[in-house]
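# Summary of structural features
Listed below, chain by chain, are the residues.
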Amino acid sequence: MRRSENATEVSGGRLKRLAQHIEALAEKDDAFLQLSHEMDEVRRAAAKELHTICRDFVNSLNRLMAKGELLLDPDHFSEAAFQDDAVNLIQISVRGRILQVAYGATQELVSTEDFRIPYTLAGSVRAFNQDLLNKDLIEEQLVFYTIEKDRKMWRFFDPRTYRSGALDQEYLVSVMEQLI
C-alpha cells in the first residue's frame, strides 16, 4: 500500500509538471500564430510599398516625356493578387527595355540566410534589353524587405560588388540608365 501511495505522489508531481509544460506549449503556439499574422500584414504592406515605389518612378518619368511612355505591370496593386507562397512580379518596360522585380516570402517568418539584416521578403531585380539578351546577359541584383528594430525598408544588394542600399526611385533610375 505504501509503495502505491509513493507512486501516486510521483505520478501526481509528474502529471502536474507535464500539464504546466503543455500549457506553456499552448502559449508558445499562440504567440507564434500571432507573430505569423503580424508578418502576413507586414508582407502585404511591403508588397504594396514596393509597387508604390515602382508606380511613382513610372509616373515621374512619364510626366517628363512627350514620347516613349513607360508601362507598369500590374498597373495597380491588389492585396488579393499578392501571393505569400509564390513569386510576385512587377515589370516596368519601355521600348523593348525591361526591368523586372520578382519577390516572394521567405520560408521562415524572418530570415538572415542571404543577407545580414533580417528580412521577410526576398527576390531580385532583373534588367535587360535585346542587346543584352543577344549576349546572354541579364543584369540581376537581389532585393530584400528588411526588418530592423527601428525601421522596415526595401533594400537592394549586388552580390558581385557587395554594394547595398535603399530600393527607391534613385536606385530604379540607376538600373534603367544601364538599359538605355
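Let me begin by describing the structure that accompanies this report. (Residues numbered from 1 in each chain as written. Predicted model: local features only at pLDDT ≥ 70, side-chain atom pairs only at ≥ 80, totals over all residues. Heavy atoms only, no water.)

Turning our attention to the packing of aromatic side chains. Considering all chains together, one arrives at eight aromatic pairs under this definition. Three or more aromatic residues link up through ring pairs in this structure, and these residues are Phe-115, Tyr-119, Phe-144, Phe-157 and Tyr-162. (Phe/Tyr/Trp six-rings, centres within 6.5 Å; stacked < 30°, edge-to-face > 60°.)

Strands sit in the order β1-β2-β3-β4-β5-β6-β7 across an open sheet of seven strands; the sheet is antiparallel. Edge positions in the sheet fall to β1 (71-73) and β7 (163-166), since each of these pairs with one other strand and no more. Neighbour-to-neighbour, the strand axes of this sheet turn through a mean angle of 20 degrees, independent of strand direction. Of the pairings in the sheet, the one linking strand β2 (residues 88-94) to strand β3 (residues 97-105) comprises seven bridges and is antiparallel in character. Looking at the pairing, Ile-90 lines up with Val-101 of β3. (Pairing = 2+ DSSP bridges. Helix = DSSP H or I, 4+ residues; strand = E, 2+ residues; numbered from the N terminus. Axes fitted to C-alpha atoms, helices over the stretch in contact; angles between N-to-C directions.)

Turning to the pairing of strand β5 (residues 139-147), a few remarks are in order. Looking at chain direction, strand β4 (residues 119-128) and β5 are connected through eight bridges and run antiparallel. Considered in β5, the bridge of Ala-127 is made with Glu-139. With six bridges connecting them, β5 and strand β6 (residues 152-158) associate as antiparallel partners. Each residue of the ladder has a partner; that of Thr-146, found in β6, is Met-153. Between the end of β5 and the start of β6, which pair antiparallel, lie four residues.

As enumerated under the stated definition, the model contains six salt bridges in all. Salt-bridge contacts for Arg-155 lead to Glu-148; the nearest nitrogen and oxygen are separated by 2.5 Å. Arg-155 sits in the buried class, given a relative accessible area of 11%. Classification of Glu-148 as partly exposed rests on a relative accessible area of 25%. Arg-160 is paired through a salt bridge with Asp-158; the nearest N and O atoms lie 3.6 Å apart. A single salt-bridge network, built from bridges that share partners, covers Glu-148, Arg-151 and Arg-155. (Salt bridge = Lys/Arg side-chain N within 4 Å of Asp/Glu carboxyl O. Buried < 20%, exposed > 50% of the residue type's maximum accessible area, 1.4 Å probe, protein only.)

Quick look at the side chain of Arg-43 now. Its location among the elements puts Arg-43 in helix α1 (residues 2-64). The exposure class of Arg-43 is buried, given its relative accessible area of 4%. Within the structure, Arg-43 has its side chain in polar contact with the backbone oxygen of Leu-109 (distance 3.3 Å). Reaching out from Arg-43, the side chain makes a polar contact with the side chain of Thr-120 at a distance of 2.7 Å. Beyond its immediate stretch of four places on either side in the chain, Arg-43 contacts Phe-82, Asp-84, Ala-105, Thr-106, Glu-108, Leu-109, Thr-120 and Leu-121. (Polar contact = N/O pair within 3.5 Å; in protein donor to acceptor, adjacent residues only side chain to side chain. Contact = heavy atoms within 4.5 Å.)

Examined bridge by bridge, β6 and β7 share four bridges and lie antiparallel to one another. Paired with Phe-156 across the two strands is Gly-165, which belongs to β7. Taking the residues that link successive antiparallel strands as the turn, the β6-β7 hairpin has four residues, and the phi of Tyr-162 there is positive, at about 65 degrees.

Let us look at a nonpolar patch on the surface. A grouping of Leu-15, Leu-18 and Ile-22 is seen on the molecular surface, where their side chains present a nonpolar patch of about 300 Å² in accessible area. With respect to the helices and strands, the residue Ile-22 is situated in helix α1. (Patch = residues over 30% accessible without salt bridge, like charges linked within 9 Å, V, L, I, M, F, W, Y side chains within 5 Å. Areas by Shrake-Rupley, 256 points an atom, 1.4 Å probe, with all protein chains shown as cover.)

A word on helix α3 (residues 169-179). Within α3 the residues assigned to the buried category are Tyr-171, Leu-172, Val-175, Met-176 and Leu-179. One side of α3 holds all its buried residues, which, seen down the axis, span an arc of 130 degrees. Facing away from the buried surface of α3 by more than 90 degrees, the exposed residues are Glu-170 and Glu-177. (Arc of directions from axis to C-beta.)

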